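A look at the structure
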Amino acid sequence: MSTTGRIHSWDLSTGVDGPGTRFALFVSGCPLRCLYCANPDTWHMRDGKEATVDEVLAEIDKYRAFVTTAGGGVTLTGGEPLLQPAFTGEILRRCRQTGLHTALDTSGFLGARATDELLADTDLVLLDIKSFDIGTYRRLTGGELAPTLSFATRLDRLGVPVWIRYVLVPGWTDDPEAVDGLAGFVAGLGNVDRVDVLPFHKLGAHKYEALGIPFPLRDTPVPDPGLTERVREQFRQHGLRAL
């Protein structure tokens, strides 16, 4: 019997959700409340629609030739896919069994829920480390940093390839000392292929309005190119490929 989960939507993307063109499945539910979240409509599982793994795979199959020709694959994102580990794990397993490249986009906060078997079916983890400062992480997300760092070291031990994602928010995640600390930590891992420094944006502001909730960082400026390059260079100084 096919496992059932709750999903928000799916989309096709290039360059931001893993290599090549990706079938990105947005899974419903997230335990964090990041102040810059662009997808507040994925926070609650109750707001998603129920789907079986068979139904998800049938949708993916419609685009299989397109994504494989473009050197891509399937990315599970959200929300937080590890809030539904059985559902996520079965999708990853069945995609990989049929030759599709698999990627898992996660904050790592629920990394302990990912079994070794799930990770063995994951070709790439997109690990979103929100901040390296414990206090900032808590204020920014409502969660704790330690589980994510523990998950990062576990991925290194298992040899699972990782792209680090770091959202650059002026006044929040641009502190040079914190960036340098994160760069040093990441440089100590042997499985990180690249670091994506992602400038904060407000493209999801309209979703907050539609949901009737305030966007916490509405008045926060987006980073200018100079700041973005400074942070990327800090990662590069530790021998990392930063984009």
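These numbers come from a predicted model, not from an experiment. (Residues numbered from 1 in each chain as written. Predicted model: local features only at pLDDT ≥ 70, side-chain atom pairs only at ≥ 80, totals over all residues. Heavy atoms only, no water.)

The subject of this paragraph is the sheet that holds strand E8 (residues 192-199). Taken together, the eight strands give an open sheet; going across it, the order is E3-E1-E2-E4-E5-E6-E7-E8, and neighbouring strands pair in mixed fashion. Of all strands in the sheet, those with a lone pairing partner are strand E3 (49-52) and E8, marking the two edges. Averaged over all neighbouring strand pairs, the angle between strand axes comes to 30°, with direction disregarded. Looking at chain direction, strand E7 (residues 162-168) and E8 are connected through seven bridges and run parallel. Residue pairing across strands places Val162 opposite Val192, the latter belonging to E8. Against the sheet, helix H3 (residues 85-97) contacts strand E1 (4-14), strand E2 (21-27), E3, strand E4 (73-78) and strand E5 (101-106), and its axis sits at roughly 155° relative to E5. Strands in contact with helix H9 (residues 225-236) are E7 and E8; relative to E8, the strand with the most contacts, it is inclined by about 160°. (Pairing = 2+ DSSP bridges. Helix = DSSP H or I, 4+ residues; strand = E, 2+ residues; numbered from the N terminus. Axes fitted to C-alpha atoms, helices over the stretch in contact; angles between N-to-C directions. Contact = heavy atoms within 4.5 Å.)

Let us now look at the layout of surface pockets. Each pocket or cavity is described by its volume, and for the largest pocket that value is around 1,000 Å³. What lines the largest pocket is a set of 36 residues, among which Ala38, Asn39, Gly78, Asp105 and Arg165 lie closest to the centre. For the lining of the largest pocket, the secondary structure elements donating two or more residues are E1, E4, E5, E7, E8 and helix H8 (205-211). With five residues, E1 is the largest single contributor of residues to the lining of the largest pocket. (1 Å grid on protein atoms, 1.4 Å probe; cavity = no way out; pocket = protein on both sides within 12 Å on 5 of 7 lines; lining within 4 Å. Points joined across faces, edges and corners; volume = space filled by probe spheres on them.)

Our focus in this paragraph is the side chain of Thr21. You can see Thr21 is positioned in strand E2. A polar side-chain atom of Thr21 sits 3.3 Å from a polar atom in the side chain of Thr14. Sequence-distant contacts of Thr21, defined by excluding residues within four places in its chain, comprise Ser13, Thr14, Phe66, Val67, Ala70, Gly72 and Gly73. (Polar contact = N/O pair within 3.5 Å; in protein donor to acceptor, adjacent residues only side chain to side chain.)

It is worth spelling out unusual backbone geometry at this point. The phi torsion of most residues other than glycine is negative, and most of the peptide bonds are trans. That bond from Gly78 to Gly79 is cis: its omega, 15°, falls within 30 degrees of zero. Tracing the backbone shows Gly79 in the loop between E4 and H3.

Turning our eyes to something else, we now look at the pairing of E7. Two faces belong to every sheet, and in a regular strand the side chains alternate between them. Where burial is concerned, most of E7 is hidden: seven out of the seven residues are buried. Of the two faces of E7, the one carrying Val162, Ile164, Tyr166 and Leu168 and the one carrying Trp163, Arg165 and Val167 are both buried. Here strand E6 (residues 124-128) runs beside E7; their pairing, made up of four bridges, is parallel. Bridge assignment links Leu127 to a residue of E7, and that residue is Ile164. Regarding topology, helix H7 (residues 176-187) serves as the crossover connection from E7 to the parallel E8, and that connection is right-handed. (Buried < 20%, exposed > 50% of the residue type's maximum accessible area, 1.4 Å probe, protein only. Right-handed = clockwise from strand over helix to strand, strands pointing away.)

Here we take up the packing of aromatic side chains. Enumeration according to the criterion identifies seven aromatic pairs in this entry. Judged by centre distance (6.2 Å) and plane angle (80°), the ring pair of Trp43 and Tyr208 falls under edge-to-face. In this pair, Trp43 sits in the loop between E2 and E3 while Tyr208 sits in helix H8, placing the two residues 165 residues apart along the sequence. There is no split in this pair, since Trp43 and Tyr208 are both buried. Where Phe132 meets Phe185, the ring centres are 5.8 Å apart and the plane angle is 35°; that geometry is what we call tilted. Highlighted residues: Phe132 in the loop between E6 and helix H5 (134-141) and Phe185 in helix H7, separated in sequence by 53 residues. If you follow Arg194 out to its NZ or CZ, it ends over the ring of Trp163, 3.8 Å from the centre. (Phe/Tyr/Trp six-rings, centres within 6.5 Å; stacked < 30°, edge-to-face > 60°. Lys NZ or Arg CZ within 6 Å of the ring centre and 35° of its normal.)

The next point concerns the environment of Ala38. Mapped onto the fold, Ala38 is located in the loop between E2 and E3. For Ala38, a relative accessible area of 24% translates into the label partly exposed. A sequence separation of 165 residues divides Ala38 from Leu203, and the C-alpha atoms of the two residues are 6.7 Å apart.

These figures come from the coordinates and say nothing about function on their own.
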